[in-house]
Every structure is written in C-alpha cells, then in structure tokens.
Amino acid sequence: MQDDNCKKACEIFNYWGEFQGFRESQEKFDEAIELCPNFSNLYMEKAVPYLKRGDFITWKILIDKAVAIDPKMHLGYRGWCKYQFLRDYKGAIQDIEALEKIYPTGYLGYSANGDYELHIAKAICYSALGQKAKAISIIENQLAKKDHNVGLFDYYQLGVTYFELGKYDKALENFEKQSKQNDFAENIYFKSKVAKIRNKDYLDLKKLALKSYDEGKTMKDGYTHHFNKVYKSQMEEL
C-alpha cells in the first residue's frame, strides 16, 4: 500500500511541478505529502514559490524537511539559496561543508542558477566574510582539478579577490583568463582599475567596459545581484 501511495505521490509531483506557485499545485503537493511523507522532493518543490516571493520563513521550514529526509540531494541547494537569497554566508558554508563530508572528493554539484560549482560558491561566502586568503585557496584548488568545468565567473571572482588584497599582478592574470573564457563589463572594468592604479592608460578599457555594459554584456541573475557586481555609475566614476 505504501508503494502504491508513493507512486501516486510521484505522479502528482511530476504533473503539478509544471504549475509551480499556483494554489492548486500547492494543494496537490499537500495531498502527495499525505500519501508519501518521506518523498523529499515534494517539500523542496513546495518551498520554491515561497523563496521566490520572499517568504523565507516558510521556505526554510519546508526545505529543512527536505534536507532532513535526503541531505545528499538537498544540502547543496539549501546552502546555495542561503547565500543567494539570504546572504547567510555562514549558513551556506555550513551546508556546503556538510555536503563535502558526504562527498569528500570530487564534484559537489552546481548552484541553482548554474553559475558556480559549489566549492566556488563556498569560496565566495568566505570572501564575503572577509576571509580573502581562504577564498583564494579554495578557488585555486578547485580550478586546478582536472574534472572542474570552469564556470562563467570563476576567474573573475578570483581576480577581484586578489585585487582586494592589493595583489594586482595576480588579479590581472585572472582577469585576462576570464576575458578568454567569458568577457563582460565588470571584468573589463577591473582591468581598467588595475591600469589606473599603475598609472597606465585606462580610458580605453573604461570605454570598453561601458560599451559592454550598454550592450548587456554584464553579470546577470533573474532574482538577485551577483557578488562583486559592478554598476554603470561606478564605471563612469572611474
């Protein structure tokens, strides 16, 4: 009987997951939870609309249930969301490091938006907490792994962190790597900052950064602002 109930719950999940956020889908998830209370994805899927609408308290109650049932599947997602939506850097680190204990070597998975492997996300959290050297160590260790797929902004985040420590040679080295991987306005802006600090011609780079910004070649996310995001007004003031 339990297997039949869980099969029906899975069918509900698969169908109503396409209608995320609608009242009826939430009610159907409640029905499915009654049928199969240990189906962790139901709690996760039901939680998502609350996250997107800013009801973080309800989101956390639901996502915590999902993690308690299946930490392997949901720890990374919860950790990323703590970072992205709540700027709970310590909480994000705790979740990602708990996932590392489950998977002590290799791949942890990616952020919910696909921009960062979770080791890199953890490094960003350490950087946000002011632990720049630790952030650099984590990113460099991850980039050195043969199985790491370089993300959209990995070298940029490493470069900015070096820049903040005044290590401009290493910063520029990584900004140049970023340019070859995926160039965008913020990266060009930081290259212009390095040039200005060194009393070199930086105006062409500044103009290029502004042009790239106007063309939409920037760090984007549909819900929140990227870490180390730079805005047009900052570029204009350089």
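Procedures and definitions
Residues numbered from 1 in each chain as written. Predicted model: local features only at pLDDT ≥ 70, side-chain atom pairs only at ≥ 80, totals over all residues. Heavy atoms only, no water. Helix = DSSP H or I, 4+ residues; strand = E, 2+ residues; numbered from the N terminus. Buried < 20%, exposed > 50% of the residue type's maximum accessible area, 1.4 Å probe, protein only. Contact = heavy atoms within 4.5 Å. Core = buried A, V, L, I, M, F, W, Y, C linked by side-chain atoms within 4.5 Å. Phe/Tyr/Trp six-rings, centres within 6.5 Å; stacked < 30°, edge-to-face > 60°. Lys NZ or Arg CZ within 6 Å of the ring centre and 35° of its normal. Axes fitted to C-alpha atoms, helices over the stretch in contact; angles between N-to-C directions. Parallel < 35°, antiparallel > 145°, perpendicular 65-115°, else oblique. Nonpolar A, V, L, I, M, F, W, Y, C, P; charged D, E, K, R; others polar. Disulfide = S-S within 2.5 Å. Expected span 1.5 Å × (residues − 1). Patch = residues over 30% accessible without salt bridge, like charges linked within 9 Å, V, L, I, M, F, W, Y side chains within 5 Å. Areas by Shrake-Rupley, 256 points an atom, 1.4 Å probe, with all protein chains shown as cover. Salt bridge = Lys/Arg side-chain N within 4 Å of Asp/Glu carboxyl O.

*Asks:* Please set out the overall build of the protein chain residue by residue, giving values where relevant.
*Replies:* Summing up its helical and strand segments, the protein chain has 13 helices and zero strands in all. What you see in the protein chain, going N to C, is helices and strands ordered as α-α-α-α-α-α-α-α-α-α-α-α-α. Going through the 238 residues of the protein chain one by one, you find that 48% of them count as buried. Of the contacts made within the protein chain by residues no fewer than 6 positions apart, 54% connect residues no fewer than 24 positions apart.

*Asks:* Can you tell me about the nonpolar core, naming the residues and giving the values?
*Replies:* If you look at soluble globular proteins, the nonpolar side chains tend to sit buried side by side. Counting 47 residues, the largest nonpolar core has Y83, Y156 and F190 as the members making the most contacts within it. At the level of elements, α5 (71-86), α6 (89-102), α7 (118-128), α8 (132-143), α9 (154-164), α10 (168-182), α11 (185-197) and α12 (203-214) are the ones that each hand at least two residues to this core. The greatest single-element share of this core, amounting to seven residues, is contributed by α7. Those residues in contact with Y83 that sit more than four places away from it in its chain are D88, Y89, A92, I124, C125 and F227. A47, L51, I63 and C81 belong to the second largest nonpolar core, which has 22 residues in total.

*Asks:* Please give an account of the packing of aromatic side chains that cites residues and values.
*Replies:* Summed over the entire model, instances satisfying the criterion amount to 19 aromatic pairs. Between F13 and F29, the ring centres sit 6.5 Å apart and the planes meet at 45 degrees, which makes this aromatic pair tilted. Of the two residues, F13 is situated in helix α1 (residues 2-16) and F29 in helix α2 (residues 23-35); the sequence distance between them amounts to 16 residues. The pair formed by F13 and F29 is uniform in burial state, with each residue classed as buried. Among the aromatic residues, ring-to-ring pairing joins W80, Y83, Y89, Y116, F153, Y156, F163, Y168, F175, F184, Y189 and F190 into one connected group. The ring of Y83 is capped by R87, whose NZ or CZ atom sits 4.9 Å from the centre of that ring. Directly above the aromatic system of Y231 lies the positively charged group of K229, at a separation of 5.6 Å from the ring centroid.

*Asks:* Residues and numbers for the packing of helix α3 (residues 40-52) against α5, please.
*Replies:* For the pair α3 and α5, interaxial distance at closest approach is 12 Å and the crossing angle is 10 degrees. One finds that α3 runs roughly parallel with respect to α5. Between α3 and α5, the residues in contact are S40, N41, M44, V48 and L51 and M73, H74, Y77, C81 and F85, respectively. Among the residues making up the contact of α3 with α5, the classes are represented as seven nonpolar, three polar and no charged.

*Asks:* So what about the state of the cysteines? Which residues, and what values?
*Replies:* One pass over the full model with this rule turns up one disulfide. C10 forms no disulfide, and the closest cysteine sulfur to it belongs to C36, at a distance of 8.7 Å. Unpaired in this structure, C125 has its nearest cysteine sulfur neighbour in C81, at a distance of 12 Å.

*Asks:* Any details on the side chain of S192? Residues and values, ideally.
*Replies:* Looking at where S192 falls in the secondary structure, it is placed in helix α11. Excluding its chain neighbours within four sequence positions, the residues that come into contact with S192 are Y202, L205, K206 and L238.

*Asks:* So what's going on with the side chain of T161? Residues and values would help.
*Replies:* As for its placement among the helices and strands, T161 is situated in helix α9. Those residues within four positions of T161 in sequence are excluded, and the remaining contacts are S127, K132, A135 and I136.

*Asks:* Give me the lowdown on α11, citing residues and values where you can.
*Replies:* In this model, α11 (13 residues) spans 18 Å end to end at C-alpha, consistent with the 18 Å of a helix rising 1.5 Å per residue. Counting buried residues along α11, 11 of its 13 residues qualify, which places the element largely inside the surrounding structure. Residues of α11 that are buried include every one of A185, E186, N187, I188, Y189, F190, K191, S192, K193, V194 and A195, and no others. One or two positions beyond α11, positive phi appears at N199, with a value near 60 degrees.

*Asks:* Requested: an account of a nonpolar patch on the surface, with residues and values cited.
*Replies:* A cluster of nonpolar side chains, Y15, F19 and F22, forms an exposed patch at the surface whose accessible area comes to about 340 Å². Mapping F19 onto the fold places it in the loop between α1 and α2.

*Asks:* Now, about α6: what can you tell me, with residues and values included?
*Replies:* Taking 1.5 Å per residue, 14 residues should reach 20 Å; α6 reaches 20 Å between its end C-alpha atoms and fits that length. Its buried side turned inward, α6 meets α5 and α7.

*Asks:* Tell me about the environment of D64, and name the residues and values.
*Replies:* Positionally, D64 belongs in helix α4 (residues 56-69). Under the relative-accessibility criterion, D64 is labelled partly exposed at 24%. For the pair D64 and L75, spaced 11 residues apart in sequence, the C-alpha separation works out to 9.1 Å.

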